[in-house]
Every structure is written in C-alpha cells, then in structure tokens.
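# Structural description and commentary
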Amino acid sequence: MSVERQFLDAINAAGLAPVKTIDLPEGRIVRYRAEGDKAGSRNGWAVLHRHPIPAGAFGSWKTGEQHTWRATTNETSTPAERAEQQRNLQAAQQARAAEEARVRADAAARALKLWSGAKPATDDHPYLRSKNVRAYGLRALRDQLMVPARDADGRLHTLQFIGPDGSKRFLTGGRIAGCYYAIGRPDDALLLAEGYATAATLHQATGRAVAVCFNCGNLVAVARALRAKFPRMRFVVCADNDAATPGNPGITAAHQAAKAIGARVAVPSFEGVAHV
Amino acid sequence: MSKPTDFNDLAQLAGPDAVKATVDKVLAAVVAPGSVQAPTAEWPDPILPGMVKAPEIPAEILPGWLGAMAGAVADSTQTPPALAVMVGLSVLAAVLQRRYEVAPFGDDYTEPLALWTLTALPSGARKSAVFSAMTAPLLRWEKLEYDRGRAERGRVASACKVAEKRIERLLSNAGKAKDDHERERIRAEIQHERDHMPAELRAPRLFTEDVTAERLQAMFAEYGERMALLSDEAGIFQIMAGIYNGGSANLDAFLKGHAGTPMRVDRAGREAHVDKPALTFGLAVQPGMLSEVAASRRFRDSGLLARFLYAMPTSNVGRRDVRRRMAIPDRVRDDYEVALFQLLEDVPAVIGKPRVLAMTEPALDLWADFAQEIEDHQGEGGRYEAISDWTSKLPGAVARVAALLELAEVGRHAEEVSEIATERAVALGRLLIAHAQSAFGLLGTDGVDTDAAAIVKWIQAHGLEEFSRRDCQKSLSGRFRTQERMNKALDRLQQQDALRHYTKRNKGAPASEMCLVNPKLLSLI
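In short, a report on the structure. For clarity, every value in this text was computed on a predicted model and none was experimentally measured.

## Digging into the overall build of chain A
If you tally the helices and strands in chain A, you get 6 helices and 14 strands. By the burial criterion, 50% of the 276 residues in chain A qualify as buried. Summarising the internal contacts of chain A: among those between residues at least 6 apart in sequence, 50% fall at separations of at least 24. Total accessible area on chain A is roughly 13,400 Å²; 50% of this is exposed by carbon and sulfur atoms.

Structure (structure tokens):
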C-alpha cells in the first residue's frame, strides 16, 4: 500500500475524510473540505512528509482536533532520521499555526467588511418575530441576521448568520473560541447563554447583561475570558436543557463553565408548563 | 413547538416572569469574588514591606528549662520574649553545633546545627541585660575550663619554651660542628625535640563578641572548628562590610560557617584547614542599623542576610513599669545553667565527626509538609516571592531548630528528632515568616517593592478606597516613566493582598483599569 493511501486511511479513520481527492505535495500543508462540513469550507488540513520516514499530521480547524501519523515499518529509524522527522513535524506545526493565523485574519477582515457594509436589523425579521425577541444591535445582510463574535478586547473575529428559518452558520475560518456577543451593559452580574434568541429573552426578562456564546462548546472559553475581564462580577450560566440529547450537552457544558469561574447554573424548568 | 429546551422556550410557554424568577433565584445565591460590598473581614492581612505586624514569639515555644529561662528573663527585664527566645536558641546552637547534625530524610542530606539569629530592638530596650543573663553560663563554663586547665597549660607552655631554647642552642652548635658525624647527631637531636614538643594547649572557647574574617578562620582551627558570635551590638556588620579591609571584607568565612562547607586558607603567614566549620550568630541590633546593613548589596546578594532568622518584636519602651522588679528565679537560672553544662559535658578537645540525628517518620511528615507549603508560595507570583532567598533557607533552619530543641529536651543522648520538637520548630518557623517580611522591609527589598511602597504611601496619603491605574501613573509620573514598571508594582501589591484589580465599564468611553484597596491598608497608617 502506498504512503499516500496509508495516510488517507488514517485521516478517514479519524472521521476527517476529504470530500474530494486531495493532492499531498511533499511537506506542504493542504486544506480541504472534510465530510460533513458545509460546501465551500476548507476546515480540514493535512501535511505529509515522505522522507526519511513517512510521517504526517492532519486535523480540522472546525473542531480544533489535530493528529499525527507515522508509517508502520519494520526498520528501526536512526537517530538522524528521528531528528529529521522531528524537525519536519515542528516545521509542519509552525506552518499550520501560520496558516491558521492567516485564515483567521482573513476571516476577521471579511467579517469587518461585511459588518461595516450591513444595515441595522429591525425587530420584524421573521426569526426574531418567531422567537418574540428584539434585535439588540444586530445587523442584516439581505435576509440574514448578523451576530458579531468579538473577543474580550472587543475585536471582531467572525459573524454568525441567522436565516429567516432559524438556520445558523458562521463565516468560514473565523475564530469562535472565547468570542461572544454582549447584549446590555453589565452592572454587578452577567448572564451567559448559548444562542442569540435565548440571550435576548433573558435580557428582556431580567434587564441584566447577557453574553451570547453561540454554542455550548464555547461556554467555558467565554466564561474564562469574561471572568478575567470582570473579576468581581457575579456570573450565572443560563443552560439549554438538552434533555432529549444523550449526555445533555447543554447542562454538562454549563456546569463545566460555572465550575471554571465560580458561577452558578440556571436551568429552565418546564414542569407544569403546558406545551404548545 | 418541538420539545422545549431553553429560556426562550420558557418565556414563550410561561412568560418572561418565569425566566426572571428562575434567574433571580440563582443570582441571589452567587457571591461575587472581591465584591465591593465585601466586608473588611474578607480581605486577608496585606503583606507589605515595613508594614507587617509581626506576631509575638512566646517563650513557651521553647521546651522546659530553656523556655522557662527565656520567659523569666523577658519577665524580669520587661522585654518582648522574642529577644530571649532568639538569644536562647543561639546559645543552644553555640553549645551543640559541630557536634551534632540533623538528617531529615535519614540520608546524606544533612543540616548542621549552626543558627543565625538577629533581633531588632531600639536603643534602651534592655538588650544587654537579656544577653548577659542568657550567655552567663557560657562565660562561666569558659572560665571554669580556663581555670581547670591552667596548670596543665602552664606545664605544656614551659615544655614548649624549653624545647624551643634547646633547639636554638642545638642550631648554634651545628654551625660549629667538626665533622659530618657530629652534624648528623645534632640534626637528629633537633628532630627529636620537635617531635616531642607538646602541642599548644588552649582553654576552650564557645563564643566571641567581635571578630574579623581572618581571625575567625584561625579561631575555627584553634577551637574545634566552631565558634559563636553573640553580641548586642552591630559592630560585626561593620567588620563584614569591610571596615578593616577597605570596604571589601571576606564574607566566605562567615557563609561557610553557616553551611558547614570545608574551608582551606593558604596565605603568606597563615594557614587554616577546617573541614566542617560551624558558626552561630546571636545578634541584637537597633532597627536603624538594619537599614544601614541594607546599604550593602553584597550582603543580600551573597545570601548573608537570607541566613538570619529575624525577630522584629514590638519594643516595650514607654510601657514598662519601673517599680516592678522581678528577679529571675534562682531555680530557673540554676536549671538553665545545669542543663547547658550537661550538654557541654563531653566536649572533646579535638572535635570528630558530628553525630547525625534523623527525624522520626511523623516528624519528617510534619517538616516536609511545611517545606512544601513554603515551596508552593515562593515562586513567581507567590506570597513569599519578594523574600524567596530567605524562605528557601527556612525549611533547613526549621530542621536545625527541631534538632536543637530535641537535644535540649532529651539531652546529649537523643537518637532521633521527635514529632514534638519538630512541631515546636515548625510553629516557630511560621511565626518567623512575618518577622522576616517585616525585617526585609527595613533591609530594603527589590526595586518592585520600593515602587509598591511608594504606591501605598500615595494611597494612604489620599485615603483612597479605589483608584484607576491611569490616576496612579499620573500622580506618580515622576517615579513611573513607563506603565510596565507601575504595573509590576501594582501586580506585586495584588499578590500581597493589598489591592484587587478589576475593569470598570464607562458609558460611551473606554473601560478603566481599576484597583480596589484593601481597607486594612488604610488602617495601617
């Protein structure tokens, strides 16, 4: 079996199989659309070295995962070969980091351009109407609502687009980890929520400032960033109660975030509430 | 609607009040860290150079006869017990050093029992009276030994003089010898005289009050590789600062005496080969003298200042009852002298290998826990970062004290350092940390601490409960040319629980970096 085939098998086994066939030039990082990712995205990445010992690395910028691979061989590598392999992998890591930084910077520039050119959204957007919430500082591009994702220093990194039917997607390549959208000004307490509609509801109901964390996987990162920014603030993580999903990811992530910053978790209770 | 999951669903099903009620209930249970409304009690005591209120060191921290004597002396002289405790420990070390060592793990890591103590008290605080009472048995023992050996020393000195004269005569005869045979006979006689000349006998000495580095090296060689320097004056620091050496004294003799590392001196006119020197300090000086000592960067950089255990008690001057006269009870004084004499009973003329005391398992646990606790707090950003040179040596010093206390309680035949002695030593070690922090305030700490002290002075002068970094830099612009330098000082103050940082949002304006002041800091003025 060829080196390329073995490497691609490893990528497939990790669940990051490329949608189309990819070329793997010696020592150069390639980006590709992984299976399950949306069309036009290039979140998958891989780099392969064929000499002295076939080895490579691959991963996904979407999930943040990274794997290394080395061809199975009966020959024992010499110290020089191992050193060269080490150098290759380090160079690949540096290239990957540089490439990631470039992609992130491109996405941030694109987000800023789109955000600057968009008009303020109105409360009669179908999604907002269906959720019965207002457009707190959102903008709209055609029929899409735009929610900006900023870091704790206020730098815009990416945008979340929400369609009239509630479908959500992010600008390709943008950084999400630790980025949030703030509704309201915090006084002595700050609430954390996953999605915009939940956050807007919480703000309308309580008058408190709320940070939109976009998804449960980002709760811990945002909580940490905000705790560093507001060391004296009281925090409440307002969880989504994903009771129907195995492991209840909403509540699990909320508890992790609360534990990380010494906050409490608020869970919506639907007991005794008539379902429509 | 699909199965409801989030607060938006709850609002749609039960209304916004249900959302508010759920969140408010949880919010009420959340305690804000470092909240503005936090009562003063939630702030720990700030640790600031020169502002640490050192706790009292009670005489009861020492066992039996030693504690009784320290307490009686402190009571009689109306001085803080810390002085008598520290001098008592130095006297004990002077008696036991070089003859014993402690090996906490029972392996090749050993600590000698030399101990350096320094107590700072102002002039007129009756330091000399305490010194006299605590060192009296040592003086008496030296005098007794001197008298006891007087006849023998006289006999040996005469024998030496006779031998020297005979050698002189033989040498003059050698020049007049008629042949080789006669010269060879004279040479053999000279050699015989030299071989049989008795070694010079010296009365044993335990301590001195004033010594130069060069003389100290010789004293190590002459008096069994050990010496103590017990003094209520700060003259030794002037000697160490080089008053007799044009400003650059040799500190090695002192430093090696603390560590017990071999000393080899080969200079024209003098030689000193000492395998395990042991030097104990027991000093009491005026606080002002400590500041003068700080002027020498060499003292701090060489680790000399880090070797001292400091006591910075509050002086009783102005609060003493002049009519109250409490003599030291004879029984206490006698017990003290007898116990010290018993510890000195087997002092040999020539000191051999020191006897090593290991720690019992519970004692080791206790000591190791303490050492780990210190280690965990002396790294970058830790509470003891500013005095990490001192805290690094503290566990070793505590092991030394534990062994000294064990020997004091059990006697010369103690086999192991017990848990009880270690417990006392660890308790003393904990008390001494605050004293060291206070002392290093006087000794001049690093540049960051000096900057931090300037900020504290500014806070106290203006009675600030909180302030912005920007205001601080603006007000102290003469000192802080760069923000980085100010931030370092503010970070140090935060580490020392004097401040807490937070970001204040401003409507329509950039956020401000604020510092909340520990209310206890303002009450320290």
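## Digging into the packing of aromatic side chains
Residues and elements named next belong to chain B. On inspection of all chains with the given rule, the structure shows 14 aromatic pairs over all chains. Geometrically, the ring pair formed by W116 and F281 is edge-to-face, given 4.6 Å between the ring centres and 80 degrees between the ring planes. Linking W116 in strand β3 (residues 116-120) with F281 in strand β8 (residues 278-285), this pair joins segments that are 165 residues apart in sequence. As far as the burial class goes, W116 and F281 line up, both buried. Ring geometry for F254 against F281: centres 6.2 Å apart, planes inclined by 25 degrees, an arrangement best described as stacked. On the criterion of sequence distance, the pair formed by F254 in helix α10 (residues 252-259) and F281 in strand β8 is long-range, its members being 27 residues apart. Just as F254 is buried, F281 falls in that class too. Looking at R153, its charged tip hangs above the ring of Y146, at a distance of 4.3 Å from the centre.

## Quick notes on the pairing of strand β7 (residues 144-150) of chain A
All names here are of chain A. With 5 of its 7 residues buried, β7 lies for the most part within the structure. Across 3 bridges, strand β6 (residues 139-141) lies against β7 in antiparallel orientation. Bridge pairing in β7 places L141 opposite Q144. In sequence, β6 turns back onto β7 through a hairpin of 2 residues, with R142 there showing a positive phi of about 50 degrees. Sheet topology note: the β7/strand β8 (residues 156-162) ladder contains 6 bridges and is antiparallel. Residue pairing across strands places V147 opposite Q160, the latter belonging to β8. Following β7, the chain reverses through 5 residues before pairing antiparallel with β8; G154 in that reversal takes a positive phi of roughly 90 degrees.

## Brief notes about the packing of helix α4 (residues 81-96) of chain B against helix α5 (residues 127-148) of chain B
Residue and element names in this part refer to chain B. At a minimum axis separation of 10 Å, α4 and α5 run at an interaxial angle of 25 degrees. What the angle tells us is that α4 and α5 run roughly parallel. Both α4 and α5 take part in a crossing whose hand is right-handed. Contacts from L83, A84, V87, G88, V91, A94 and V95 of α4 reach α5 at K127, V130, F131, M134, T135 and L138. Its residues assigned to classes, the contact of α4 with α5 shows 10 nonpolar, 2 polar and 1 charged.

## A short note on the pattern of salt bridges
A full pass over the atoms with the stated rule returns 42 salt bridges over all chains. For the salt bridge of D188 of chain A with R234 of chain A, the shortest nitrogen-to-oxygen distance reads 2.8 Å. Of the two residues, D188 of chain A is situated in the loop between β10 (181-183) and β11 (189-193) and R234 of chain A in strand β13 (residues 234-238); the sequence distance between them amounts to 46 residues. Overall, the relative accessible area of 37% leaves D188 of chain A in the partly exposed class. R202 of chain B serves as the salt-bridge partner of E222 of chain B, at 3.6 Å between the closest nitrogen and oxygen. Highlighted residues: E222 of chain B in helix α8 (residues 213-222) and R202 of chain B in the loop between α7 (180-196) and β4 (207-208), separated in sequence by 20 residues. Assessed through its relative accessible area of 34%, R202 of chain B is described here as partly exposed.

## Thoughts on the interface of chain B and chain A
Every contact between the two is made by 34 residues of chain B and, on the other side, 41 residues of chain A. Between chain B and chain A, the buried area comes to about 3,200 Å², and carbon and sulfur atoms account for 66% of it. Of all residues in chain B, F7, L27 and R505 of chain B bury the most surface against chain A, accounting for 20% of the area lost on that side. The element best represented in the side of chain B that touches chain A is helix α2 (residues 16-29) of chain B, accounting for 9 residues. Its residues placed into classes, the side of chain B that touches chain A shows 21 nonpolar, 8 polar and 5 charged.

## Some details on the environment of N12 of chain A
All names here are of chain A. Within the secondary structure, N12 sits in helix α1 (residues 3-13). Distance from N12 to E35, taken between C-alpha atoms, is 9.4 Å for residues 23 residues apart in sequence. When sequence neighbours within four positions are dropped, the list of residues in contact with N12 reads R5, A17 and P18.

## A look at the pairing of strand β2 (residues 44-49) of chain A
Residues and elements named next belong to chain A. Most of β2 is tucked away: 6 of the 6 residues are buried. Here β2 shows a buried face lined by G44, A46 and L48 and a second buried face lined by W45, V47 and H49. Direction of pairing for strand β1 (residues 30-32) relative to β2: antiparallel, over a ladder of 3 bridges. Counterpart to R31 in the pairing with β2 is W45. Sheet topology places β2 next to strand β3 (residues 55-60); 6 bridges connect them, and they run antiparallel. Following the sheet pairing, L48 is matched in β3 by G56. Two successive antiparallel strands, β2 and β3, enclose a turn made up of 5 residues.

Rules used in this analysis
Residues numbered from 1 in each chain as written. Chains lettered and ligands numbered in written order. Predicted model: local features only at pLDDT ≥ 70, side-chain atom pairs only at ≥ 80, totals over all residues. Heavy atoms only, no water. Helix = DSSP H or I, 4+ residues; strand = E, 2+ residues; numbered from the N terminus. Buried < 20%, exposed > 50% of the residue type's maximum accessible area, 1.4 Å probe, protein only. Contact = heavy atoms within 4.5 Å. Areas by Shrake-Rupley, 256 points an atom, 1.4 Å probe, with all protein chains shown as cover. Phe/Tyr/Trp six-rings, centres within 6.5 Å; stacked < 30°, edge-to-face > 60°. Lys NZ or Arg CZ within 6 Å of the ring centre and 35° of its normal. Pairing = 2+ DSSP bridges. Axes fitted to C-alpha atoms, helices over the stretch in contact; angles between N-to-C directions. Parallel < 35°, antiparallel > 145°, perpendicular 65-115°, else oblique. Left-handed = near helix turned anticlockwise from the far one by under 90°. Nonpolar A, V, L, I, M, F, W, Y, C, P; charged D, E, K, R; others polar. Salt bridge = Lys/Arg side-chain N within 4 Å of Asp/Glu carboxyl O. Buried area = accessible area lost by both parts, 1.4 Å probe.

Take it as geometry only, folks, not as evidence of what the structure does.
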